[in-house]
Amino acid sequence: MIAIEDLAVAYQRQKQEHNALQNVSLTVPQGTVCAVIGPSGCGKSTLLKVVAGLIKDYTGTVRINGGEVSPKKLRIGFMPQNYGLLPWQTVAENIRLACRIKDGWSEEKAAKMEALCQKLGLTDLLNRYPQELSGGQQQRVSLARVFLLEPDILLMDEPFSALDAITREEMQDVFRDLWEEAGITTMLVTHYVEEALYLGQQIVLMSGSPGTVAEVMENRWQGSRQWKTTTEFFAKSQELKEKIKAMGARTL
Ligand SMILES: Nc1ncnc2c1ncn2[C@@H]1O[C@H](COP(=O)(O)OP(=O)(O)OP(=O)(O)O)[C@@H](O)[C@H]1O
């Protein structure tokens with residue numbers, strides 16, 4: 001579980017403090033996906049960086065499974081928008097990387113990696129380098145790496161936004177299938193309201209600036225392909241887009 005209470009973050013710019021986040025409180029229950037949406041610059045990435053332990057200078061409390069945010073003690077899976085692959089390492093080396101650092105390598109991990117690669121269609125690409133792959137393939141490598149790690153929490157910062165619409169939807173399904181098996185507590189930052197409505201059990205709408213939680217919605221249809229084709233889904237998407245537009249931002 002991720003529990004955030006009264007979080008505030010300020011950045012220093014030109015010798016002045018600028019509040020990026022203020023009064024942010026939210027809870028992500030164990031084994032659920034929380035989708036965070038909101039206008040550009042409202043502090044979504046800042047929020048993820050705090051939970052990832054990358055930003056330590058904040059006020060308020062952030063607890064993961066009841067304890068402090070400690071990347072040394074916890075397994076934190078982080079998927080950035082640009083996939084975060086090392087260009088000088090092959091696909092296989094990239095997938096093994098996080099596991100090797102955390103646990104060393106084992107036969108069990110090798111078997112799990114083989115199964116994941118088969119599921120993700122990566123078996124024939126293992127000796128290639130990231131720059132020899134399409135965006136969708138790179139995204140699959142990034143997913144294989146993070147699911148092989150079996151993290152305590154998974155943080156995804158606009159993971160599918162660099163992909164074309166068809167590949168993006170395909171990758172949402174791939175993620176949904178992997179997540180359903182692993183049930184990892186996940187925070188997903190996205191610009192796409194449809195993605196939030198498809199993948200998030202909880203949808204957190206943030207407003208800026210400083211960024212704060214404007215609304216929290218429960219979404220009991222999460223993960224349902226059928227829900228994506230309903231007029232209700234379309235209406236809900238429009239409603240969310242209007243809310244974000246009303247905050248003075250463009251959304252997709
Ligand atoms: N390192 C930094 N130093 C100073 N200001 C920063 C820094 N990083 C972000 N900011 C500012 O903090 C605010 C929140 O930024 P953040 O990247 O968290 O927003 P975001 O909601 O993720 O934006 P986007 O949707 O465009 O990616 C913005 O006003 C941004 O300009």
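What counts, and where the lines are drawn
Residues numbered from 1 in each chain as written. Predicted model: local features only at pLDDT ≥ 70, side-chain atom pairs only at ≥ 80, totals over all residues. Helix = DSSP H or I, 4+ residues; strand = E, 2+ residues; numbered from the N terminus. Rg over C-alpha atoms; globule rule 2.2 N^0.38 Å. Contact = placed C-beta atoms within 7 Å. Domains from an automatic or database assignment. UniProt positions renumbered as here; feature names shortened; annotations may be inferred. Near = placed C-beta within 6 Å. Nonpolar A, V, L, I, M, F, W, Y, C, P; charged D, E, K, R; others polar. Buried ≥ 20, exposed ≤ 12 C-beta atoms within 10 Å, placed from the backbone. Core = buried A, V, L, I, M, F, W, Y, C linked by C-beta atoms within 7 Å. Pairing = 2+ DSSP bridges. Axes fitted to C-alpha atoms, helices over the stretch in contact; angles between N-to-C directions. pLDDT = per-residue confidence, 0-100. Parallel < 35°, antiparallel > 145°, perpendicular 65-115°, else oblique. Left-handed = near helix turned anticlockwise from the far one by under 90°.

With respect to the overall build of the protein
Reasoning step 1: The secondary structure content of the protein amounts to 7 helices and 9 strands.
Reasoning step 2: Computed over the C-alpha atoms, the radius of gyration of the protein is 18 Å, within 12% of the 18 Å expected from 2.2 N^0.38 for a compact globule of 252 residues.
Reasoning step 3: Across its three principal directions, the C-alpha atoms of the protein cover 50 × 45 × 35 Å.
Reasoning step 4: Partitioning the intrachain contacts of the protein with sequence separation of at least 6 by distance along the chain shows that 72% fall at a separation of at least 24.

Observations concerning the domain arrangement of the protein
Reasoning step 1: Domain assignment breaks the protein into domain 1 (1-74 + 153-167 + 184-252) and domain 2 (79-151).
Reasoning step 2: Contact with domain 1, which involves 12 residues of that partner, is made by 9 residues of domain 2.
Reasoning step 3: No other element matches the 4 residues that strand S6 (residues 153-157) contributes to the side of domain 1 that touches domain 2.

Brief notes about the UniProt feature "domain: ABC transporter" (unreviewed entry) in the protein
Reasoning step 1: Per the UniProt record, "domain: ABC transporter" (unreviewed entry) is found at residues 2-233.
Reasoning step 2: Helix makes up 34% of residues 2-233 and strand 27%, whereas the separation of the span's terminal C-alpha atoms amounts to 27 Å.

Here we look at the site of the ligand
Reasoning step 1: All residues adjacent to the ligand are Tyr11, Arg13, Ala20, Ser40, Gly41, Cys42, Gly43, Lys44, Ser45, Thr46 and Ser209.
Reasoning step 2: Secondary structure elements with two or more residues in the shell around the ligand: strand S1 (2-13) and helix H1 (44-52).
Reasoning step 3: Grouping the constituent residues of the shell around the ligand by class yields 3 nonpolar, 6 polar and 2 charged.

Looking at the environment of Gln202
Reasoning step 1: Take Gln202: it is sitting in strand S8 (residues 202-207).
Reasoning step 2: Given 20 C-beta atoms within 10 Å, Gln202 falls into the buried group.

With respect to the nonpolar core
Reasoning step 1: Membership of the largest hydrophobic core comes to 64 residues, with the highest contact counts inside it found for Ala35, Val36, Ile37, Ala144, Leu155 and Met187.
Reasoning step 2: Residue-level mapping places this core at the junction of two domains, with at least three residues from each of domain 1 (1-74 + 153-167 + 184-252) and domain 2 (79-151).
Reasoning step 3: Among residues more than four places away in sequence, those in contact with Met187 are Ile2, Val28, Cys34, Val36, Leu48, Val51 and Leu155.

What to know about the sheet that holds S1
Reasoning step 1: If you walk across this open sheet you meet the 3 strands as S2-S1-S4, and the pairing is antiparallel. Edge strands, defined here as strands with exactly one partner in the open sheet, are strand S2 (16-28) and strand S4 (59-64). For this sheet, the mean angle separating the axes of adjacent strands, direction not counted, is 30°.
Reasoning step 2: Sheet topology places S1 next to S2; 9 bridges connect them, and they run antiparallel. If you follow Ile2 over to S2, its bridge partner there is Val28.

Focus: the confidence of the model for the protein
Reasoning step 1: With 98% of its residues at a pLDDT of 70 or more, the protein has an overall mean of 91.
Reasoning step 2: Among the scores for the predicted complex, ipTM is 0.97 and pTM is 0.91.

Remarks on unusual backbone geometry
The phi torsion of most residues other than glycine is negative, and most of the peptide bonds are trans.
Reasoning step 1: Positive phi is not limited to glycine here, since Gln14 has a value of about 45°.
Reasoning step 2: As for its placement among the helices and strands, Gln14 is situated in the loop between S1 and S2.
Reasoning step 3: Overall, Gln14 belongs to the exposed group, with 5 C-beta atoms counted inside 10 Å.
Reasoning step 4: One non-glycine residue, Lys15, lies in positive phi territory at about 65°.

Some points on the packing of helix H2 (residues 91-103) against helix H4 (residues 135-149)
Reasoning step 1: Viewed as axis vectors pointing N to C, H2 and H4 meet at an angle of 25°, and their least axial separation amounts to 9 Å. By the angle class used here, H2 and H4 are roughly parallel. Regarding H2 and H4, the two cross each other, and that crossing is right-handed. When H2 is examined against H4, the residues Val91, Asn94, Ile95, Leu97, Ala98, Cys99 and Lys102 are found in contact with a partner set consisting of Val141, Ala144, Arg145, Leu148 and Leu149.
Reasoning step 2: Of the residues contributing to the contact of H2 with H4, the split by class is 9 nonpolar, 1 polar and 2 charged.

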